[in-house]
Each structure stands twice: as C-alpha cells, then as structure tokens.
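# Structural overview for review
Listed below, chain by chain, are the residues.
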Amino acid sequence: MHFVFITGGVASSLGKGIASAALATLLKSRNFRVRIRKLDPYLNVDPGTMSPYQHGEVYVTDDGAETDLDLGHYERFTNQSAKQTDSISSGKIYSNVLSKERKGDYLGATIQVIPHVTNEIKSFINSDIKNEDIIIYEIGGTVGDIESLPFLEAIRQIRNNKKISSALIHMTYIPYLSSADELKTKPTQHSVKELLNAGIQPDIIMCRSERRIDIDSISKISLFCNVKKESVIPALNAKSIYEVPLLYSKYGLDSVLLKHLGYKSKNHKLNLKPWNDLLKKIDKQKQLVKIGIVGKYTNLKDSYKSLNEALIHGGIENSVEVEIKWINSEELNNNNLISKLKECDGVLVPGGFGSRGVKGKITAIKYARENNIPFFGICLGMQLAVIEISRNVLKIKNANSSEFDQKSKSVIGLMTEWTKGNKIEKRDKNSDKGGTMRLGSYKAILSKKSKIYSIYKKNEIFERHRHRYEVNKKYVSKFQNKGYYFSGMSPDGLLPEVLESTNHSWFIGVQFHPELKSRPLKPHPLFVSFIKYCRNEKNKS
Ligand code: GLN
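These numbers were taken from a predicted model, which means no experiment stands behind them.

## So, the pairing of strand E2 (residues 34-40)
The side chains of a regular strand alternate between both faces of the sheet. Burial of E2 is extensive: seven of the seven residues sit out of reach of the surface. Looking at chain direction, E2 and strand E5 (residues 87-89) are connected through three bridges and run parallel. Paired with Asp 40 across the bridge in E5 is Ser 89.

This is the structure we're talking about:
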C-alpha cells in the first residue's frame, strides 16, 4: 500500500482537486485499487455551514457527510462513492484533540501541535484503510499558509518512516510575463523552498500553465527543485476537464509515479478507452441548448459545481452543448427576469437556503409552467414549485414554507411541525443546527406509469438529500385533482419526493439532489431526459 500526497503552491484554484481525481482515474485505468481523501486546512469542523459564495458547493456523500466540492470531482472521475471518512478539516482535527483532552485521554500532558495535533492527523491518514493499493491525499490550501503547517509536519513524519512507501506531488503555477515574453519558474522555486523548509522534498512537480512549457523551463525547475526532468509534468489547460487524465498521461504523470512507487508500468496496462470515447462524444456535440439556472449564488459558479457538471453530462449524452445562463433571482424585476427566461430552452431552479431571491424563483417557475417550457426543480426548487402551484393553481392564498414565513399556510414545513412519531424522528441524522437535516442517501418509491418511472426505468431509487423542510403530506391529494401529482414518495409513504405535471412537456421537481450522482461515464437519467426534452422542444419551435 502506498500513500500519494498532493500539495499546492504559488496560488490557490490551480485545480488540485481535478488533478488528484485525474491521477486516480489513470491509476484505476491501470487496474489499481485507488482511493482519494482530502485534508482541508480551514478551522470549520466541516463545510456544512460555510457559505457557497466563499467555498463553493457543499458536496454530500451517500453516508451523509457534508464535504468539500473536491469530493464531487473524485466521485465523478473515479465513479466510486466517497465516504464520511474521506475528508477532514483542521477544525475537526482540533475538535477531536480538544475532546480527548477534556476526557483526560492525554493523562495530564501539555497539549501541543507537535505531537498531539500531528498525531491526530497521522491517525486520520492511517484510519479506515481497506485493501487499497494506492491512497491519494489531497492537501487543501497553499503551501505557506499557517493552517497547513501541521499537515506538512505530519506528512514529513510519515515520509521519514522508511517502512512506508509514499510519493509527494507538488502542484505549482508557471506564469507567463508578456513584457518579457517568458514563462517564469521563480514562483515554483520559492514554493518548493517553502516545502523544503517544512522538511519535505517533492518527488514530482506538476506545473499549471496557460502556455506550453518549454524545455528550458523544465530543465530549470528540475535543477533548482531537485527533481528529475521526467518528473516535471506540464499541466496545461484542457478544453474539457474530462480530457485532463489523458493529457497528464501524455506527459507521463502515471508512469513516473508508478516508477517512483516501484512498479513497472508495462505490467499495469493503461486502458483509457471509456475516456477516449467520451471525448469523441464531446466532439460530436452539434446543437446548443440554453438552460436558465435561476438561483442566488450565481456569482460563484462553484456554488453549483455538481449541477453544472450534471447538465454537461446530460448534454454529452444527447450530442448537444449545454450553455448555462445564470440568472440571479435577487437582482431582476419580473419583466427583466422573464425576458431572460425567454432566451432559454429550459429552466432549472436549484437547491438553496433562506428567503432571499425566492420571489424571482417563483416567478420563473410560473413562467415555465404556463408556457410549457421544460422545468426542473431541485430540492428548494421543488419546494418552490409546490408553493407556486399551491398559490396559483390550488388558490391557497398564503401558501408558503415555514422556512420563509412561520405564520402562513405551510405547504412546506419541518417534519416535526405536523408529525411527532418516533418513525419520523429516527430519520434525522445528526446535525447540530436544529438536528433536523435529512442528509445522505434515502430510498424513494416511484409510481409506475409516471414520467419519472419511465426515466429511471425502476421503481426503487436511492438519491442523496440535504434539507430540513419537506412537502406537507396533508396537501398531496389537492394536487392530484389539478393535473399535478407526487410520483415519488418515501418508502413509508409519508414524505413526497417527486412532483410532476401530467399536462406539461417536462415539469419535474425532486426533493433530492440528483446532480450529486451524475458521472461523465454514467450520466444521471434525469439530466439526460431533461436536456433531451429541452432540445426537442427547441427544435419544435
Ligand atoms: N432550504 C430548503 C430546506 O432546508 C431546501 C434545501 C436545499 O435546497 N438543499 O429544506
């Protein structure tokens, strides 16, 4: 078993997450058992309460962990489900150390970063290991950040243990200076010095660059940073992120790493056929389909990372390119909003929290519903569709969610508002914030003959959830009489999971987050179907 650590230098946002995922893809394509885990330097205990504006989306695993969006990249590339134990933050490490201290586990010792915090990090790195051949650990942040120092120290200690086989890949940035017409390697040299200060010599340096890296720059990095020339791997921009594994392999990342770990590449043949086929499909995309995403975190595209990717996957499958039009539901008045929607072939209202921007989202849903424009509501998007139909079709005047207005008629509310059985209470997995968040994978039963059933082609599905509020079952029958119905329910029949319309081209709202399970090599059926209808409706008009 080998450890591969991936650190980053010079700048953040270099795409270390995608690099780690692409490396795992290459190793998996050579038949190794691989796993990727993430160590994040921030002091939040988990990203669950971090604003998507700052940190991008919160990715939820099957087992209900709220994690960093990089775990989404890992899952999409490796098609392996990540687990609760695949990520940890400094905050969680410190919180473990402090709770041990309170329990007296350290027998009165003075608690210090070395060895107590570093031991806790090492114990995470060594924990829950099954039969993997290679485990990749991505270290979040940039070398030189105060918060990442204990991680580097723990890695130094591990690498110092001669019984453990490991490799360290450092990803840096090579800027291009137009005035000198030159690529600059100095920031990389400094960043490697920073690592050396922590007692760590990298084995492989991956160089992100917007330009082709010339041989002189490679030689310079090799000389100044003590790595072989073949271990300086250019990491250039790709036209699709799904091309990245092939690009890295072309520059020898996987073969250099395997050599370092003591394997003979030729004994572990690389099979990238599924990825090559995917790229061929991407090249075949002809038509353009525009999807309007009406949300409030539209300024930071990473806030809807998985959604973005799932739509792209649906497009690839239908040979169309998906162009996303981000529509900020907070900024527009009704007329401007509708004129933006008119340019779109489909409307999607994604998940979200809080009342800001809700009005615009409801206007968008009404517009899509009344004009037969394919509509996809996800989590909050589904809840708002329920509210919109309650108000405008069922004429329940002040229908709302108790998340936004406690005094109105809650067609959406906390489960505990209308049911107090043990059965319901037991569903709630742990969350400090109210303890009512439904997190992770849950089963839903789909009614035969429904549209959603024809899409999934099965009546039992498992999808991931992340929400506190639910559709109030009391109102379910009222929808039925008006051409809308809940075609998916929780197995006990208490919680509506899917809303659809019987007289609309494609109008589906889901309480779960299907985008979290879409993979480029296994696109999610809901996104494939949604894009297909958007394309077909576009071609009709
Ligand atoms: N805010 C809603 C809830 O908590 C929806 C959450 C979401 O869209 N993920 O139920």
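## Some details on the packing of helix H5 (residues 113-126) against helix H6 (residues 149-160)
Axis separation between H5 and H6 bottoms out at 9 Å; the angle between their running directions is 70°. One finds that H5 runs roughly perpendicular with respect to H6. Here Val 113, Ile 114, Val 117, Thr 118, Ile 121, Lys 122 and Ile 125 of H5 lie close against H6, whose contacting residues are Pro 150, Phe 151, Glu 153, Ala 154, Gln 157 and Ile 158. In terms of residue class, the contact of H5 with H6 is made up of nine nonpolar, two polar and two charged.

## Observations regarding the side chain of Asp 133
Along the chain, the position of Asp 133 falls in the loop between H5 and strand E6 (134-139). Residue Asp 133 is classed as buried on the basis of its relative accessible area of 17%. Within the local environment of Asp 133, its side chain forms a polar contact with the backbone nitrogen of Arg 33, the two atoms lying 2.6 Å apart. The contact partners of Asp 133, leaving out residues within four places of it in the chain, are Met 1, His 2, Phe 32, Arg 33 and Tyr 263.

## Section: the layout of surface pockets
Within this model, the second largest pocket holds a volume of roughly 990 Å³. Contributions of two or more residues to the lining of the second largest pocket are made by helix H1 (16-28), E2, helix H2 (52-55), helix H3 (70-78), strand E11 (232-236), helix H9 (244-250) and helix H12 (305-317). In terms of residue count, H1 provides more of the lining of the second largest pocket than any other element does, three residues in total. Per-class residue counts for the lining of the second largest pocket are 14 nonpolar, 14 polar and eleven charged.

## Notes on the environment of Gly 141
Positionally, Gly 141 belongs in the loop between E6 and H6. Distance in space between the C-alpha atoms of Gly 141 and Val 349 is 31 Å, their sequence separation being 208 residues. Not counting chain neighbours up to four residues away, the residues in contact with Gly 141 comprise Gly 8, Lys 16 and Pro 41.

## Description of the site of the ligand
The environment of the ligand is made up of Gly 351, Gly 352, Phe 353, Cys 379, Leu 380, Gln 383, Glu 403, Arg 466, His 467, Arg 468, Tyr 469 and His 513. A distance of 3.0 Å separates an oxygen atom of the ligand from a polar atom in the backbone of Arg 468. Between the ligand and the protein, one listed contact pairs an oxygen atom with a backbone N or O atom of Tyr 469 at 2.8 Å. Here the ligand loses 99% of its free accessible area of 290 Å² to cover by the protein chains. Per-class residue counts for the shell around the ligand are four nonpolar, five polar and three charged.

## Details of unusual backbone geometry
Residue Pro 115 is reached from Ile 114 by a cis peptide bond, and omega for that bond is 15°. Relative to the helices and strands, Pro 115 resides in helix H5. For Asn 372, which is not a glycine, the phi torsion comes out positive at approximately 55°. Residue position: Asn 372 is located in the loop between helix H14 (358-370) and strand E15 (375-378). What makes Asn 372 partly exposed here is its relative accessible area of 33%. In this model, Lys 449 sits at a positive phi of 75°, which is unusual for a non-glycine residue. On the secondary structure map, Lys 449 appears in the loop between strand E18 (438-446) and helix H18 (451-456).

## So, the sheet that holds strand E16 (residues 399-401)
As summarised here, the arrangement of the three strands in space is E16-E17-E20, forming an open sheet in which the pairing is mixed. Two strands close off the open sheet at either side, each with one partner strand: E16 and strand E20 (469-471). Each neighbouring strand pair of the sheet contributes to a mean axis angle of 35°, computed without reference to strand direction. Bridge count between strand E17 (residues 409-414) and E20: three bridges; the pairing is antiparallel. Paired with Gly 413 across the strands is Glu 470, a residue of E20.

## Structural notes on the packing of aromatic side chains
Taken as a whole and judged by the stated rule, the model has 15 aromatic pairs. A ring pair is formed by Phe 376 and Trp 506, whose centres lie 5.1 Å apart and whose planes are at 70°; its orientation type is edge-to-face. Here the residue Phe 376 occupies a position in strand E15, and Trp 506 occupies one in the loop between strand E22 (496-501) and strand E23 (507-510), the gap between them amounting to 130 residues. On the basis of relative accessible area, Trp 506 is assigned to the buried category, the value being 0%. Taken together, the ring pairs in this structure connect Phe 376, Trp 506, Phe 527 and Phe 530 into an aromatic cluster. Across the ring face of Phe 124, the terminal group of Arg 37 is positioned such that the distance to the ring centre comes to 4.5 Å. Note that Arg 211 overlies the ring of Tyr 176, its terminal NZ or CZ placed 3.7 Å from the centroid.

Reading guide: rules and limits
- Per-chain numbering applies: the sequence of each chain, read as written, is numbered from 1 onward.
- Predicted model: local features are reported for residues with pLDDT of at least 70 only, side-chain atom pairs are reported and counted for 80 or more only, and whole-chain, interface and lining totals are derived from all residues.
- With hydrogens and water excluded, all non-hydrogen atoms of the structure serve as input to the side-chain values.
- We call a residue buried when its accessible area falls under 20% of the maximum for its residue type, exposed when it is over 50%, and partly exposed in between, using a 1.4 Å probe and counting protein chains only.
- In this description a helix means any DSSP run of H or I spanning at least four residues, a strand means any run of E spanning at least two, and both kinds are numbered starting from the N terminus.
- We treat two strands as partners when DSSP finds at least two bridges between them.
- Axis angles are defined between N-to-C directions and span 0 to 180 degrees, where every axis is a line fitted to C-alpha atoms and, for a helix, only to the segment in contact.
- Here the word oblique covers every angle except those under 35 degrees (roughly parallel), over 145 (roughly antiparallel) and from 65 to 115 (roughly perpendicular).
- Working rule for contacts: check all heavy atoms of both residues, and any pair within 4.5 Å makes them a contact.
- Just so you know the grouping, Ala, Val, Leu, Ile, Met, Phe, Trp, Tyr, Cys and Pro go in nonpolar, Asp, Glu, Lys and Arg go in charged, and all remaining residues, Gly too, go in polar.
- As used in this structure description, the phrase polar contact means that two N or O atoms lie within 3.5 Å; if the pair is within protein, one of them must be able to donate a hydrogen and the other to accept it, and residues adjacent in sequence are counted only when both atoms belong to side chains.
- Here a cavity is any set of points on a 1 Å grid over the protein atoms alone where a 1.4 Å probe fits but cannot get out, and a pocket is any open set with protein on both sides within 12 Å along at least 5 of 7 lines; a residue lines the site when it has an atom within 4 Å of a point.
- Grid points are joined across faces, edges and corners, and a volume is the space filled by probe spheres set on the points.
- Each residue is tested against the molecule or strand, and it is near if at least one of its non-hydrogen atoms lies within 4 Å.
- Areas reported here follow the Shrake-Rupley algorithm with a probe of radius 1.4 Å; residue values treat only the protein chains shown as occluding.
- Think of it this way: a Phe, Tyr or Trp ring, Trp meaning its six-membered ring, pairs with another when their centres are within 6.5 Å, and the plane angle makes it stacked under 30 degrees, edge-to-face over 60, tilted otherwise.
- Counted as over-ring charges are cases with an Arg CZ or a Lys NZ within 6 Å of the ring centre that also lie within 35 degrees of the ring normal.

Remember, this is a structural readout, not a statement about activity or role.
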